[in-house]
Every structure is written in C-alpha cells, then in structure tokens.
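Single-letter residue listing:
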Amino acid sequence: MHSRAEFERAEAHTAHNYHPLPVVVAHAEGAWMTDVDGRRFLDLLAGYSALNFGHGHPSLLAAAHSQLDQLTLTSRAFVHDRFADFTAALAELCGKDLVLPMNTGAEAVETAIKVARKWGYEVKGVPADTAEIIVMSGNFHGRTTTIVGFSDDPDARDGFGPFTPGFVTVPYGDLAALEAAITPRTVAVLVEPIQGEGGVVIPPEGYLRGVRELCTQHQVLFAADEIQAGLGRTGTTFACDHEDVVPDLYVLGKALGGGIVPVSAVVADRDVLGVLKPGQHGSTFGGNPLACAVGLTVVELLRTGEFQARATDLGVLLRSRLEALVGHGVVGVRTRGLWAGVDIDPAIGTGREVCEALMARGVLAKDTHGSTIRLAPPLVVSPEDLSWGLDQLADVVGASA
Ligand SMILES: *Cc1c(COP(=O)(O)O)cnc(C)c1O
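The shown structure was predicted, so the numbers you read here are calculated from the model rather than taken from an experiment.

(A) Spatial organisation of the packing of helix α4 (residues 83-94) against helix α11 (residues 289-303). Remark: α4 packs on α11, axes separated minimally by 9 Å, with the N-to-C direction vectors making an angle of 35°. For the element pair α4 and α11, the recorded crossing hand is left-handed. Facing α4, whose interface residues are F83, D85, F86, A89, L90, E92 and L93, α11 presents C292, G295, L296, V299, L302 and R303. Considered class by class, the residues forming the contact of α4 with α11 number nine nonpolar, one polar and three charged.

Below, the structure is given as structure tokens:
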C-alpha cells in the first residue's frame, strides 16, 4: 500500500523527535481526514486544538485565498492594511488594549515572560535581573530552551541545560503553595487554566479566582496560557471565563491561526504591554498580512458564539459517553467542553496501543503521558460522527478487556 511506503520514506528523512501513528494524510475536510490510500479517519485531535474550526473551514479558506493574491508579507518595518483590523478585533475579543502578534505558541509564551520581567523592573520596581516567575508542576508551555527549563517532564527537559534562571515551580491547583512562593521579586504567575498536554487536568473549582486574587493582592501579573484551552474549546471563548476571571496577559496561539498558518499573540492592557519600546522585541513573520487575515476571521467566527455553543452541547455528549466507560477499560475521565482526558486502564494496554487500535477502526487520537488519551475533536464535528467515534473507543477498550 501507498501509505506504508510513504510513512517509511517520511521516517527515513526526519529527526525522530515525534512518534507519529503510521498514517499518511493527504486530504481533510471538517472533522474527517483521508489518507494517501483513500481511507477515511475521524480526527479526534484537531491538531491539539489548532483545528478548532475543522479542516478547511470555508470562511478561513476564503480569507487565506483572497489574501494570498493581495499581500503576504511586509515585515513589521512597514505597516500593512490587514494589521489594524486584526489587532483591534482581537483586543476587543479579549477586552484588552493591545495585541502583540507572534507566530508559534512558544514565542508568545517567551513574549509574555519578557514583558512580565520588563514590567517587573520598570513598573513594580524589582531590582535588576532578579525577577521571579511562578510556574506550575505538570506545565507545558512549548519547546524553547527557556521554556523547557521550567518543565518538570524529563523528556522535555533532560539534556537541554543549562537553563534560564528565575522560575519557581509550585504544585498546580494549590493556592496555599502559590501564596507561599510569592516574594517581592515575583513579577508573574504563568498558568494554563486547564493543562492540555498534562492530560486535560482541570484545577479545583475556585483555583483561577484564587490566582487572580493573589496576583492582584501582591502586584503580580497573571499570565494565562490559553494556547490550547482557549478560543472556544471549553465552551467559552477563554477557559478562564469558566470562573469569570480576567488575567493580565492572555497568551494565545494554535486555533488563532485557523489551522492554516501559525498565529500567536500576547494580549494585555497598555500599562503592561506598553513597557516594550521599539527594538526591544520582534518577529519577522509576526503579524504578517496572511496571518492577520486568517486571525481576523478566527475572531469573527468566535464572535458569533456558535463554536462555543457547539463545544458546550457536544461536550455533554462527550462527557456522558466517556463517563459510562469508567470501570470498563477506563479508570478516569476529565472533560470540559469538547475536550477530554481519558485515563486508560493499564490492564487494557498503553494509550499508544489504544490509539493504534482506534486508527485501525478509522479514528485518530493521541496519547499523552503513557496511559492518557486526549480527545479534542474539531468543534464542527457532527453529534453522529462524534458518537460513532466514541463507539469505536468503547469497543477498543471493551473488546480488549
Ligand atoms: C502547544 C502549546 C504551546 C506551544 O505552542 P507551539 O505553537 O507548539 O509553540 C504552549 N502552551 C500550551 C498550553 C500549548 O498547548
């Protein structure tokens, strides 16, 4: 078969920093992907939430196609005519003053770190080069050397030191530990409102409100990494909305690029992002015309509320179907909106083995941390297709029991 040969060819010429399922995708539409042999697969990963609006959403494709014919790149040395529309719309969606566009999620996190440090020195009055940023156990914020330095995942971290100092780790979900870690040199708390890569780990009710209160009380910036959790996935525009919490910095990425181009951003008020002056930060591709055209359309789609509502409604189905599996090949389930972490009973097999069995049945999903499967279907999936996909999971975990 075509697929096997293509897969082997791809593996032969790349660094093995990924362990993909042996499928070679050639086409996709909505929630379905087709491989080089014409086999169809239901996508239950959605590019780790980068494809919240599904594959080939007509509005996003139209925006990209028309922008391609107009203008694709200027660099920020010149202003282009898609920049103001995008930044204004995104700032409004976030209820903030200013947007700093970047490309990848990791770059947005790096940007938030730089802004927080500069704010700490210039606004809070922290002595030079002593700023501390508090991060969470089990975090995932990207793959740069600074970011992996404050990961506690040995695969992400080991062998890549020496690391950037200035980060303090506390247990995720523990407000007392957070409060105890705050010092006069603390400039920011960096937190995922739900830890996606960690296995869709949802903090205790009231945690985000508590983080907000502690940050306000101690003059510390609350930076919410909404790269995977935000932009409709959990049934609200931002995962912080579930606790009516507004962070000081929104860190966005993934779905902001509509599954077409990498688009990330830090969004904050003027008193925070205003610390950056010309020459102090930048990116050649950040905020390019194609990215802005796609990003603006993403904001327009989110403004309708349609996708948030779909995530909420489909999330009810997802939750009830998954909870019925607990005790039947599944030992635990966590869901919020159309997003789930499913802990597979080790007696059934590893998460990887379950994903391989799902693939054989036409369903693509991804394991994380050995025994957990993360489900993040495109928000455009139909209830029937989702239900069918969950039938396959039920069969796989039950059939092997
Ligand atoms: C994916 C992710 C990142 C990194 O984004 P990249 O675009 O892969 O650099 C950062 N934070 C969170 C929470 C993520 O899920």
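(B) Layout of the sheet that holds strand β3 (residues 40-43). Within the open sheet, the four strands sit side by side as β1-β2-β3-β13. Their pairing is mixed. Whereas interior strands pair on both sides, the edge strands pair on one side only; in this sheet they are β1 (25-29) and β13 (363-364). As judged from the two bridges shared by β3 and β13, these two strands associate in the parallel manner. The residue bridging L42 from the neighbouring strand is V363, located in β13.

(C) Up close: the site of the ligand. For the ligand, the full set of nearby residues is T104, G105, A106, F140, H141, G142, E192, D225, I227, Q228 and K254. Here G105 contributes a backbone N or O atom positioned 2.8 Å from an oxygen atom of the ligand. In the environment of the ligand, a nitrogen atom lies 2.7 Å from a nitrogen or oxygen atom belonging to the side chain of D225. The cavity that encloses the ligand is the largest pocket. Looking at side-chain class alone, the shell around the ligand contains three nonpolar, five polar and three charged residues.

(D) Spatial organisation of the domain arrangement of the chain. Under the domain assignment used here, the chain contains domain 1 (58-303) and domain 2 (307-396). Computed from C-alpha atoms alone, the centre-to-centre distance between domain 1 and domain 2 is 28 Å. Facing the 20 residues of domain 1 at the interface are 20 residues of domain 2. Both faces considered, domain 1 and domain 2 share a buried interface measuring about 1,700 Å² in area, 59% of it formed by carbon and sulfur atoms. In this assembly, domain 1 and domain 2 are joined by one salt bridge. Among the salt bridges present, the one from E197 reaches R374, with a minimum N-O distance of 3.1 Å. Our count for the domain 1 to domain 2 interface comes out at twelve residue pairs in polar contact (both at pLDDT 80 or more).

(E) Representation of the layout of surface pockets. Of the voids in this model, the largest pocket is the one considered here, and its volume is about 1,200 Å³. For the largest pocket, the lining is made up of 43 residues, of which Y18, Y48, F140, R143 and E197 are closest to its centre. Elements with a minimum of two residues in the lining of the largest pocket: α5 (105-124), α7 (154-157) and β14 (366-368). Considering every element that reaches the lining of the largest pocket, the biggest residue donor is β14, with three residues. When the residues that make up the lining of the largest pocket are grouped by side-chain class, the tally is twelve nonpolar, 19 polar and twelve charged. In this structure, the lining of the largest pocket is formed jointly by two domains, domain 1 (58-303) and domain 2 (307-396), each of which donates at least three residues.

(F) Expanded view of helix α13 (residues 351-360). When we look at burial in α13, the residues that qualify are G351, R352, V354, C355, L358 and M359. Projection of α13 onto a plane perpendicular to its axis shows the buried side chains occupying an angular sector of 160°, all on one side. Phi for G362, located one or two positions after α13, is positive at around 90°.

(G) Molecular detail of unusual backbone geometry. Look at the link from G161 to P162: it is a cis peptide, with omega at 0°. Here P162 is to be found in the loop between α7 and β6 (167-170). Residue A46 is not a glycine yet carries a positive backbone phi of 50°.

What counts and what doesn't
- Residues numbered from 1 in each chain as written.
- Predicted model: local features only at pLDDT ≥ 70, side-chain atom pairs only at ≥ 80, totals over all residues.
- Heavy atoms only, no water.
- Axes fitted to C-alpha atoms, helices over the stretch in contact; angles between N-to-C directions.
- Helix = DSSP H or I, 4+ residues; strand = E, 2+ residues; numbered from the N terminus.
- Left-handed = near helix turned anticlockwise from the far one by under 90°.
- Contact = heavy atoms within 4.5 Å.
- Nonpolar A, V, L, I, M, F, W, Y, C, P; charged D, E, K, R; others polar.
- Pairing = 2+ DSSP bridges.
- Near = heavy atom within 4 Å.
- Polar contact = N/O pair within 3.5 Å; in protein donor to acceptor, adjacent residues only side chain to side chain.
- 1 Å grid on protein atoms, 1.4 Å probe; cavity = no way out; pocket = protein on both sides within 12 Å on 5 of 7 lines; lining within 4 Å.
- Sits in = over half its atoms within 2 Å of the grid points.
- Domains from an automatic or database assignment.
- Buried area = accessible area lost by both parts, 1.4 Å probe.
- Salt bridge = Lys/Arg side-chain N within 4 Å of Asp/Glu carboxyl O.
- Points joined across faces, edges and corners; volume = space filled by probe spheres on them.
- Buried < 20%, exposed > 50% of the residue type's maximum accessible area, 1.4 Å probe, protein only.
- Arc of directions from axis to C-beta.

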